[in-house]
Amino acid sequence: MRIYNSLTRQIEEFEPLAEGKAGMYTCGPTVYDYAHIGHARKYVYDDLLRRVLSANGLEVMHVQNVTDVGHLVSDADEGEDKLEKGAREMKRTVWEAAEFFTRDFYKMADSMNILRPTITARATDHIKEQTDLIQKLVQKGFAYETPEAVYFDVGKFPRYGLLFGQKLADKQVAVREEVKTGEHKRHPADFALWFKRVGRFADHQMHWESPWGDGFPGWHIECSAMSMKYLGESFDIHTGGEDHLPVHHPNEIAQAEAATGKLLARYWVHHAFLLIDGQKMSKSLGNYYRVEDVAEKGFDPMALRYLYLTAHYRSPQNFTWSALAAAQTAYDKLNKFVKDSGSNPPAGRAGIQDIRIQLSKEKAKKLDQYRLRFEEAVNNDLQFPRALAVMWEMMKSNIPDYDKADALRDWDEILGLRLGALKSEEVQIPEQIREMSQKREILRRDGKFVEADELRVEMEKLGWGIEDAAKGSRIVKLKHI
Ligand code: AMP
Ligand code: ZN
């Protein structure tokens with residue numbers, strides 16, 4: 001498959017580091033407010049990328065962080081920690097707010113049929129990994145301590161100003177608050193690795209002991225520390241919103257590469273925004289809708305997912321209710337078609353393993369060509385709008401309905417539209433089971449197969465099984481315990 005790499009600014013053939021596997025890290029949500037449909041678009045496209053990798057036979061290890069500390073608000077908002085601000089507004093502790101909005105995020109993700117990451121990593125669960133990395137940077141001379149913070153010294157990392165084709169001078173304008181403030185900084189683009197609990201952060205609720213005193217980590221260090229912990233010092237793919245191009249991602253690369261001498265990830269994928277009235281839909285602008293708002297208006301979250309498929313991930317998409325209504329109509333048609341076409345082969349075809357043998361040669365060839373064109377589209381930098389066009393072309397063709405539905409079901413492994421699914425089939429997986437499965441993935445990765453098997457047995461006792469397939473593990477509800 002081919003994918004656009006923001007590092008080299010060209011579409012490249014994807015070649016994984018380890019044969020048959022793909023390590024993918026996704027910058028996750030900052031959990032200080034509700035997830036909106038702008039987030040949904042971005043995470044649906046991460047999900048599509050993951051599904052395309054799987055469809056290419058790769059076992060995907062997908063790690064996603066949850067930022068629950070250290071991410072400061074925009075320049076205009078005086079540089080407070082977003083979490084502290086969000087918690088104050090809802091009159092809860094930061095810990096409660098983080099828990100509440102993390103749940104909200106994954107509720108949104110589940111409703112959009114976004115596969116849960118193999119590993120979900122909260123920043124506050126990985127403070128030691130972050131302080132260890134900062135210590136390494138200090139020892140190697142890439143970081144320095146001031147009375148208010150520990151900063152990364154961009155002057156020591158010459159590549160910093162060149163990453164993603166950004167100029168260092170541009171960054172001084174685009175930087176976030178933590179980069180701009182700090183009177184003891186050597187360079188305006190130096191960014192905080194660790195904030196001390198002094199001055200404006202003297203009352204910061206979340207804080208930990210560190211070699212530099214009581215404080216909390218800066219936002220960027222979590223992603224370098226956690227991605228390397230789970231995926232190794234160099235891994236395959238890193239994704240994020242295009243707002244991460246000027247600051248967050250160069251910072252992640254600088255921190256990791258300064259510490260290890262290796263490039264953090266080889267392919268960097270960035271998603272364009274969902275707009276509303278031509279403006280970015282965002283928490284801070286307050287111009288957003290949630291998936292729940294969409295559902296309350298009678299739309300199916302899968303129609304929203306369909307709408308996202310109609311625009312390429314590197315182009316901004318403008319959200320309108322009329323576009324969503326059109327997506328709902330198209331989605332209903334597909335869904336009904338798959339439901340009505342059933343899963344049993346028509347009379348005369350039963351018992352034959354490859355049902356296409358019984359299609360006329362000409363129709364079988366036509367169907368193969370549609371399948372090939374669909375695959376080519378999704379494998380060429382996730383061209384889903386083109387894949388949808390191929391799909392509708394097939395729908396209008398004279399291929400028998402059963403075979404059309406068969407192709408749609410196969411394609412839906414990638415599209416993730418739950419075509420033909422009955423609501424009752426959706427199973428809620430308890431958090432405890434998800435955590436056990438996550439632990440098991442880590443054990444397996446570390447070669448601890450005996451312990452991993454023990455966990456599997458424990459899960460089975462609780463009524464949940466794990467199916468290990470080439471596409472990665474899947475949690476399933478056991479019918480008979
Ligand atoms: P946040 O939780 O605000 O840090 O955002 C998490 C991710 O969602 C980031 O990678 C953002 O780029 C992305 N994001 C936020 N708003 C939008 C939007 N309107 N459209 C697409 N992606 C967005
Ligand atoms: Zn990140």
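Cut-off values and rules
- Residues numbered from 1 in each chain as written.
- Chains lettered and ligands numbered in written order.
- Predicted model: local features only at pLDDT ≥ 70, side-chain atom pairs only at ≥ 80, totals over all residues.
- Heavy atoms only, no water.
- Salt bridge = Lys/Arg side-chain N within 4 Å of Asp/Glu carboxyl O.
- Helix = DSSP H or I, 4+ residues; strand = E, 2+ residues; numbered from the N terminus.
- Buried < 20%, exposed > 50% of the residue type's maximum accessible area, 1.4 Å probe, protein only.
- Pairing = 2+ DSSP bridges.
- pLDDT = per-residue confidence, 0-100.
- Contact = heavy atoms within 4.5 Å.

What follows is about the pattern of salt bridges. Summed over the entire model, instances satisfying the criterion amount to 30 salt bridges. Close ionic contact of Lys42 with Asp46 constitutes a salt bridge, the shortest N to O distance being 2.8 Å. Highlighted residues: Lys42 and Asp46, both in helix α1 (residues 37-55), separated by four residues, approximately one helical turn. One exposure class covers both Lys42 and Asp46, and it is buried. One salt bridge connects Arg456 with Asp453, and the closest N-O pair in it is separated by 3.8 Å. On the criterion of helical spacing, the pair formed by Arg456 and Asp453 is a turn pair, its members being three residues apart in helix α16 (residues 449-461). Connected via shared salt-bridge partners are Asp104, Lys107, Arg290 and Glu292.

Let us now look at the pairing of strand β8 (residues 191-196). The buried fraction of β8 amounts to six of the six residues, a majority that puts the element mostly inside the structure. Across three bridges, β8 lies against strand β9 (residues 215-217) in antiparallel orientation. Residue Trp194 lies in a different strand from β9, and its bridge partner there is Pro217.

This part takes up the confidence of the model for the protein chain. Taken as a whole, the protein chain shows an average pLDDT of 89; of its residues, 89% reach a score of 70 or greater. Considering only residues more than four positions removed or in separate chains, one finds that residues 74-78, a stretch of pLDDT under 50, has 10 contacts. This stretch, residues 173-180, has a pLDDT under 50; its non-local contacts, to residues over four places away or in other chains, come to 32 contacts.

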